[in-house]
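Working through the structure, step by step
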Amino acid sequence: MNPELLALIRCRSCRAALEPGPDPGGASALRCEGCGASYPIVSGVPRLAEHPYVASFGRQWNRYDVVRDEEDEAVFRVKTGVDPQSLAGKLVLDAGCGGGRYARLLARMGATVLGVDLSDAVDQASKATAEFPNAAIVQADLLDLPLAESAFDLVFSIGVLHHSPDPRRAFAEIARRVTPGGRLAVWLYRKNTPPQEWINSGLRVFTSRMPARALEPISAGLGVLGSIPVLKQTLNKVINFSNHPDWTLRVCDNFDWYAPTYQSHHTAAELRSWFEAEGFGDLTELRPQKSGRAYEWAYDHNLIIGSGVNVAGTRLGG
Ligand SMILES: C[S@@+](CC[C@H](N)C(=O)[O-])C[C@H]1O[C@@H](n2cnc3c(N)ncnc32)[C@H](O)[C@@H]1O
């Protein structure tokens, strides 16, 4: 594992630094220099936490191959406000890395990047970044983040915190990992109009409890709807489905929407207030790249289901 990144990982119990070494059974592990706790390394990934509420993500990111280098770079620029090339030599935390598409992008651009995720998606993220010695992946919980504080030049979290049981606390945890003067960028689902919220919550009561093998064909069926021109701009303002041009991404997006246990929606004012409360300034509200007056109008009126609230800021005190 990259030594610079290993030096930032902490024991969950006593917060001391960790060292690679065999566990009492002789298996590969990270061992705590303070209290002797041991965390297994499985398939090259240190495992410091796991939880069943993210099981759907483990399945999703290992099943659908969604790495699209060019698109990932464009999305990263839009959702963080950062030019990935400017991150060469910087220390970056991808908080909730999923299958690792953005960690991979930044490693390719020369950043030293740590991807953290609570689910088995770390297996896919580890494969996606395997060729880059400047990247590492850890399975850990953002709500109890076992990482050094004030360490990263950039922390970003795209589409993650709203899937935790306590997004506000997860925000505070990742905010503390930014070095003073460093940047934090967060993208969360936008709160839609009340009727849209009611319909969505009603549907998700059922879909989030379905076995994955039942929800996958439904996600594919919604993928078909997302290819029908008249429906993909209209019906999806009532029932969410992706209209991404790529079939795999469409089906993955649909599963990603309907499967997770937790999915909360937020306003830009709320997200801005979190940044301010955690000591961030120079806030920028980032807008989606899609243009056109109809889209802009619908976005500003909170009608686009699955769109985001997106803020970046600088940690004061640098
Ligand atoms: C929609 S995915 C986004 C993944 C990635 N950021 C991307 O855009 O490709 C959300 C991810 O958040 C992770 N996640 C949810 N709650 C988490 C927590 N408490 N700690 C760490 N990861 C979490 C899930 O496992 C999942 O991989």
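Looking now at the domain arrangement of the chain. Assigned domains within the chain: domain 1 (47–189 + 264–315) and domain 2 (209–258). For domain 1 versus domain 2, the separation of C-alpha centres amounts to 23 Å. On the domain 2 side, the residues contacting the 20 residues of domain 1 number 17 residues. Of the roughly 1,500 Å² buried at the junction of domain 1 and domain 2 (both faces included), carbon and sulfur atoms supply 59%. In terms of surface lost to domain 2, no three residues of domain 1 exceed R59, Y64 and I305, which account for 38% of the buried area on that side. Counting across the interface, domain 1 meets domain 2 through 3 salt bridges. In this structure, the salt-bridge partner of R63 is E216, at a minimum N-O distance of 3.6 Å. Applying the counting criterion to the domain 1 and domain 2 interface returns 5 residue pairs in polar contact (both at pLDDT 80 or more). If you tally residues by element for the side of domain 1 that touches domain 2, the top one is helix α2 (residues 55–63), at 6 residues.

Along strand β8 (residues 152–158), 6 of the 7 residues are buried, which leaves the element largely enclosed by surrounding structure. Where strand β5 (residues 91–95) lies against β8, 3 bridges are found, and the strand directions are parallel. Counterpart to V92 in the pairing with β8 is L154. Bridge count for β8 against strand β9 (residues 178–189) is 6 bridges, and the pairing is parallel. In the strand pairing of β9, F152 is matched with V178.

Scoring rules and cut-offs
- Residues numbered from 1 in each chain as written.
- Predicted model: local features only at pLDDT ≥ 70, side-chain atom pairs only at ≥ 80, totals over all residues.
- Heavy atoms only, no water.
- Domains from an automatic or database assignment.
- Contact = heavy atoms within 4.5 Å.
- Buried area = accessible area lost by both parts, 1.4 Å probe.
- Salt bridge = Lys/Arg side-chain N within 4 Å of Asp/Glu carboxyl O.
- Polar contact = N/O pair within 3.5 Å; in protein donor to acceptor, adjacent residues only side chain to side chain.
- Helix = DSSP H or I, 4+ residues; strand = E, 2+ residues; numbered from the N terminus.
- Buried < 20%, exposed > 50% of the residue type's maximum accessible area, 1.4 Å probe, protein only.
- Pairing = 2+ DSSP bridges.

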